[in-house]
Amino acid sequence: MNSIIVATERGECGSGRLFRIEKRSSLQDLLRSAVKTLLLSNGPQNALSAGFQIHATRVPGGTGWDAGDIWIENEYKSTTLDYLECPEIALLHQRVGDDLLLFLFTHCSLFVQAEGGNFVQLTGTPAFNLMYGPSVPLKQEATKLRKGNHPYKSASKLCTKPMSWKRRPRGRLAKSSTVKHLFKRMSMFYSTNPRECFTPTYVLSMFKPTTNSVRKLIQKEFGQGGLIRRDAAPARGTSKVNKKPLRLPPRLRRLIPHFMKLLKNHRKCPYHHLLHHNCPLPEGLKEHSEVVTKDVLATLVSSVSSHDQVFAFMRAVLRTILPLDLWGSEENQMQFYEHLREFIELRRYQQMSVGMCVKKMKLSEVKWLKNRTGHVSLTDSLKQAELFNTFIRWMMDEIIIPTLKTFFYITESSAHRNLVFYYRKPVWFEITKLALHFQEDSMLMPKTKEQAEHMVLEGASLGVGRQRFLPKAHGVRSIVNLSTKFIHPVSRQETSINAQLSNVFHVLNYEKLQNPEMVGSSVFGFDDIYARWKLFSLRERAINDTRTCTFQTVHTMVMSESQIETVSDGEIDVPEAELERLRAVIEGQKNTISFFEGQNETIRDLEDGLSEAKLAITTLTESHENEVEGLQAEIARKKQRSKCFWKLRCGMMLAHEELLEKKDDEIALLKNAEHSKNTTKASRSASLSVSSSRSSSRSTSRETKDNDEQETNQVDHSQQV
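Residues numbered from 1 in each chain as written. Predicted model: local features only at pLDDT ≥ 70, side-chain atom pairs only at ≥ 80, totals over all residues. Heavy atoms only, no water.

Some thoughts on the overall build of the protein
Thinking step 1. What the protein contains, in helices and strands, is 27 helices and 12 strands.
Thinking step 2. Looking at the 721 residues of the protein, the share that counts as buried comes to 30%.
Thinking step 3. When contacts within the protein are restricted to residue pairs at least 6 apart in sequence, those whose partners lie at least 24 apart make up 69%.
Thinking step 4. A total accessible area of about 49000 Å² is found for the protein, and carbon and sulfur atoms account for 55% of it. (Helix = DSSP H or I, 4+ residues; strand = E, 2+ residues; numbered from the N terminus. Buried < 20%, exposed > 50% of the residue type's maximum accessible area, 1.4 Å probe, protein only. Contact = heavy atoms within 4.5 Å. Areas by Shrake-Rupley, 256 points an atom, 1.4 Å probe, with all protein chains shown as cover.)

What to know about the confidence of the model for the protein
Thinking step 1. Model confidence for the protein is summarised by a mean pLDDT of 77, while 75% of its residues fall at 70 or above.
Thinking step 2. Mean pLDDT values for the elements of the protein range from 33 in helix 6 (residues 155–158) up to 95 in helix 15 (residues 307–321).
Thinking step 3. Scored below 50 in pLDDT, residues 133–176 shows 41 contacts in the model against residues more than four places distant or in partner chains. (pLDDT = per-residue confidence, 0-100.)

Section: the packing of helix 12 (residues 271–278) against helix 15
Thinking step 1. Where helix 12 contacts helix 15, the two axes come as close as 9 Å, and the packing angle between them is 150°. Taken together, the axes of helix 12 and helix 15 are roughly antiparallel relative to one another. Both helix 12 and helix 15 take part in a crossing whose hand is right-handed. Contact residues: Tyr271, Leu274, Leu275 and Asn278 in helix 12; Gln309, Ala312, Phe313, Ala316, Val317, Thr320 and Ile321 in helix 15.
Thinking step 2. Here the residues of the contact of helix 12 with helix 15 sort into eight nonpolar, three polar and no charged. (Axes fitted to C-alpha atoms, helices over the stretch in contact; angles between N-to-C directions. Parallel < 35°, antiparallel > 145°, perpendicular 65-115°, else oblique. Left-handed = near helix turned anticlockwise from the far one by under 90°. Nonpolar A, V, L, I, M, F, W, Y, C, P; charged D, E, K, R; others polar.)

Observations regarding helix 12
Thinking step 1. Buried within helix 12 are the following residues: Tyr271, Leu274, Leu275 and Asn278. Here the buried residues of helix 12 occupy an arc of 100° about the axis, which is enough to place them on one side. Every exposed residue of helix 12 that faces more than 90 degrees away from the buried side is listed here: His273 and His277.
Thinking step 2. In this fold, the buried residues of helix 12 make contact with helix 11 (255–268), helix 15, helix 18 (378–407), strand 7 (408–413) and strand 8 (419–424). (Arc of directions from axis to C-beta.)

Considering the pattern of salt bridges
Thinking step 1. Tallied over the entire structure, the rule returns eight salt bridges.
Thinking step 2. Residues Glu196 and Arg424 are paired through a salt bridge, measuring 3.0 Å at the closest nitrogen-oxygen approach. With a gap of 228 residues between them, Glu196 in the loop between helix 7 (172–175) and helix 8 (203–206) and Arg424 in strand 8 connect regions that are remote in the sequence.
Thinking step 3. Salt bridges sharing common partners tie together Arg348, Glu412 and Arg468. (Salt bridge = Lys/Arg side-chain N within 4 Å of Asp/Glu carboxyl O.)

Looking at the sheet that holds strand 2 (residues 52–55)
Strand pairs in the sheet, formed through backbone hydrogen bonds, run parallel or antiparallel to each other.
Thinking step 1. The sheet built from three strands is open, its strands ordered 2-4-3 with antiparallel pairing. Either end of the sheet is taken by a strand with one partner, and the two such strands are strand 2 and strand 3 (65–67). Neighbour-to-neighbour, the strand axes of the sheet open up by a mean angle of 35°, direction not taken into account.
Thinking step 2. Examined bridge by bridge, strand 2 and strand 4 (residues 70–74) share four bridges and lie antiparallel to one another. Among the inter-strand pairings, Ile54 is bridged to a residue of strand 4, identified as Ile72. (Pairing = 2+ DSSP bridges.)

Observations regarding the environment of Tyr271
Thinking step 1. With respect to the helices and strands, Tyr271 occurs in helix 12.
Thinking step 2. Sequence separation between Tyr271 and Val317 is 46 residues; the distance between their C-alpha atoms is 7.1 Å.
Thinking step 3. Not counting residues up to four positions away in its chain, the partners in contact with Tyr271 are Phe198, His266, Phe313, Val317, Ile321 and Phe407.
Thinking step 4. A polar side-chain atom of Tyr271 sits 2.8 Å from a polar atom in the side chain of His266. (Polar contact = N/O pair within 3.5 Å; in protein donor to acceptor, adjacent residues only side chain to side chain.)

Focus on a negative patch on the surface
Thinking step 1. A grouping of Glu657, Glu658, Glu661, Asp664, Asp665 and Glu666 is seen on the molecular surface, where their side chains present a negatively charged patch.
Thinking step 2. When you line up the elements, Asp664 lands in helix 25 (residues 576–686). (Patch = residues over 30% accessible without salt bridge, like charges linked within 9 Å, V, L, I, M, F, W, Y side chains within 5 Å. Lys, Arg positive; Asp, Glu negative; His and termini not counted. Charge placed at Lys NZ, Arg CZ, Asp CG, Glu CD.)

Here we look at the pairing of strand 10 (residues 476–481)
Thinking step 1. In the sheet, strand 9 (residues 466–471) pairs with strand 10 via six bridges, with the strands oriented antiparallel. Of the residues in strand 10, the one forming a bridge with Arg468 is Ile479.
Thinking step 2. Linking strand 9 to strand 10, which pair antiparallel, is a turn of four residues.

Re the side chain of Gln439
Thinking step 1. Checked against the element boundaries, Gln439 lands in helix 19 (residues 425–442).
Thinking step 2. At 2.7 Å, the side chain of Gln439 forms a polar contact with the side chain of Gln467.

Let's talk about the packing of helix 16 (residues 330–344) against helix 18
Thinking step 1. Relative orientation of the contacting elements helix 16 and helix 18 amounts to 50°, with a least axis distance of 13 Å. Here helix 16 lies oblique to helix 18, going by the angle between them. Once helix 16 is placed against helix 18, the crossing between them reads as right-handed. Residues Phe336, Leu340 and Phe343 of helix 16 lie in contact with helix 18, whose contacting residues are Ile392, Met395, Met396, Ile400, Ile401 and Leu404.
Thinking step 2. Considering only residue class, the contact of helix 16 with helix 18 consists of nine nonpolar, no polar and no charged.

Here's the deal with helix 11
Thinking step 1. With 14 residues, helix 11 extends 20 Å from end C-alpha to end C-alpha; this agrees with the ideal 20 Å at 1.5 Å per step.
Thinking step 2. Listed as buried for helix 11 are Leu255, Ile256, His258, Phe259, Met260, Leu262, Leu263, Asn265 and His266.
Thinking step 3. On the buried face of helix 11, the contacting elements are helix 8, helix 9 (211–222), helix 10 (250–253), helix 12, helix 15 and helix 18. (Expected span 1.5 Å × (residues − 1).)

Remarks on the pairing of strand 8
Thinking step 1. Among the six residues in strand 8, five count as buried, and that is most of the element.
Thinking step 2. Counted between consecutive antiparallel strands, the loop separating strand 7 from strand 8 contains five residues, among which Arg417 sits at a positive phi close to 60°.

Section: a nonpolar patch on the surface
Thinking step 1. A contiguous nonpolar patch, built from Leu436, Met443 and Leu444 and spanning about 280 Å² of accessible area, is present on the exposed surface.
Thinking step 2. Inspection of the secondary structure assignment puts Leu444 in the loop between helix 19 and helix 20 (449–458).
Thinking step 3. Judged by its relative accessible area of 37%, Leu444 falls in the partly exposed class.

A word on the packing of aromatic side chains
Thinking step 1. With the rule as written, the count across this model stands at 21 aromatic pairs.
Thinking step 2. With 6.1 Å between their ring centres and 75° between their planes, Trp368 and Phe391 make a pair best called edge-to-face. Taken together, the residues Trp368 in the loop between helix 17 (354–357) and helix 18 and Phe391 in helix 18 connect sequence positions 23 residues apart. In terms of burial, Trp368 and Phe391 fall into one category: buried. (Phe/Tyr/Trp six-rings, centres within 6.5 Å; stacked < 30°, edge-to-face > 60°.)

Details of the nonpolar core
Thinking step 1. Grouped together as the largest cluster of nonpolar side chains are 68 residues, with contacts concentrated most on Phe259, Phe336, Phe391, Ile392, Trp394, Met395 and Phe408.
Thinking step 2. Tallying contributions element by element places helix 18 first for this core, with 12 residues.
Thinking step 3. In contact with Phe391, not counting residues within four places along its chain, are Phe222, Phe259, Leu326 and Trp368. (Core = buried A, V, L, I, M, F, W, Y, C linked by side-chain atoms within 4.5 Å.)

Describing unusual backbone geometry
Thinking step 1. Even without being glycine, Tyr190 reaches a positive phi, approximately 55°.
Thinking step 2. With respect to the helices, strands and loops of the structure, Tyr190 is situated in the loop between helix 7 and helix 8.
Thinking step 3. Given the relative accessible area of 22%, Tyr190 is considered partly exposed.
Thinking step 4. We note that Lys360 has phi near 65°; this positive angle belongs to a residue other than glycine.

So, in structure tokens, the structure goes:
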């Protein structure tokens, strides 16, 4: 830990803040929470959050993580988080707790010593940007880079003076950066205007379709980020102010005809016709308003406009009022509609930035952004992106979000995990009227403004709050905001009920921390629940307790003192509304019991079917085993037959060979016998006279030939046999 330096800016040392020295989460979760805080803060660039980007939905095949309502994706490999998970930081986390370490990650700059006496920055605003990054104009910086004067080469010359940690003002281009700008989505929730018409402050209603009015509109929207060059300030000692209109750059001058067409289309656009066509009102709305029952309330609560209907309405409006030249091409237009659908389907606390909205859109097809010359330099490309991002920001914040707020009442539902519902304002007006009617019978009493002020003056009431309703499955849930400020009739100061109770709240918190046994088993948040559950879990693991935990829900009923006295006397006097509520609760419990009984019957039927299936499978298995055994026996018999056949064939071959050998021996014996006969005849013929031999030589030779032919025939016959 001696090689880590912590640097803070003046005034940001955390003085006056209280940190709890308590470790409630792991180091990895704390680092991810710091990255999420830095990305959502929309503040200056931080070394810890470099390489991370916010997405509305999960990125397929990504390497990021789910941060609640958003998805944080690691665009390129960053080793900062891996290094900060070292044992030294883990030891520091164990000693100082979550709050202080999170403050160090998000508000301080951490440097770790590397080889050669250098330091590597892990968190905080990059030191290079603090010294000479943002203050250098982008055009000059690009010129230096083209000439080969890289900032790191001249760092030794620039760092001759002592380094100052005072943050310098950002340049003009850095002020106008809108890539990380988050849309004003929270402003479209809980509209208080019951009418479906634009207010006089709507941006398209404030300006007329004339050249001067359009110039003022462009100056107002595109001049906030330094995109329009303003005249120099008056000299010191003079009060002369230049009242001439601001000069528009050539690119913005090309927007004048498009914006004039936009304002004309707005005045001609049939908003209500498109609204009734894409998001129609439920049938019989006027008849429902005359009947006051909970079934009618449940029917109206279910009459919500789907996300597809809202998207179809907004797409029809944008196609009517926005010229295609502003998008550049139909591909850019369709790509923006896909982002618009994602924006409408976001949940309550999810956000969308300009960078997420312009993703996959081609700036090369937008003609009003192009320069007259064909060459596009680095600064020109960045300026085009900045202008288009500003146009998208203006369209989302000033056109789309106000249009949604004008024609819909937008709210969330805690029962559906913060899913956003879009109600037509006439439908929501009837829902509110019915909900207030039911509350007047049980919870609330109507009071006039004079009566409420009189109660505040007498001290019988702390003030007023703002009430709204959240939709449920079969009704609505009331929420009262006690932090709403109002003018106190006595002090004439702006205050709220929570502000008046803040001192009492701090006193009770102090007493709770000093004497925790006073609250018993009560918990005051998820942190307390986790602490209690962790101790319980560790204790049960230590004793190897394998019993299952059962959680029960207890329903309580609040009764007044008079009702308690009546009950003690033996008589129960309960209001009719309370009896109706109890009957409804009992009926709901009966329905629940009957539902579970039906489920039990279904489970029993499934078990019986499963047992029958098991029996059938067992029988089928046995039959298959018998068939397999028969096949195995048949195979064994065939193998035995094949063995016998091969033995018989081998015997026949051996017998045939023995017979051939015997025949060869017989032929040899016959040849020897014939040879001996010929020898005997020759000796006999030699003893005859010479004369007889000559005369009979021919006859003898003939006989000899005949004998030879006979012997040859005999030999051939024997060979054939």
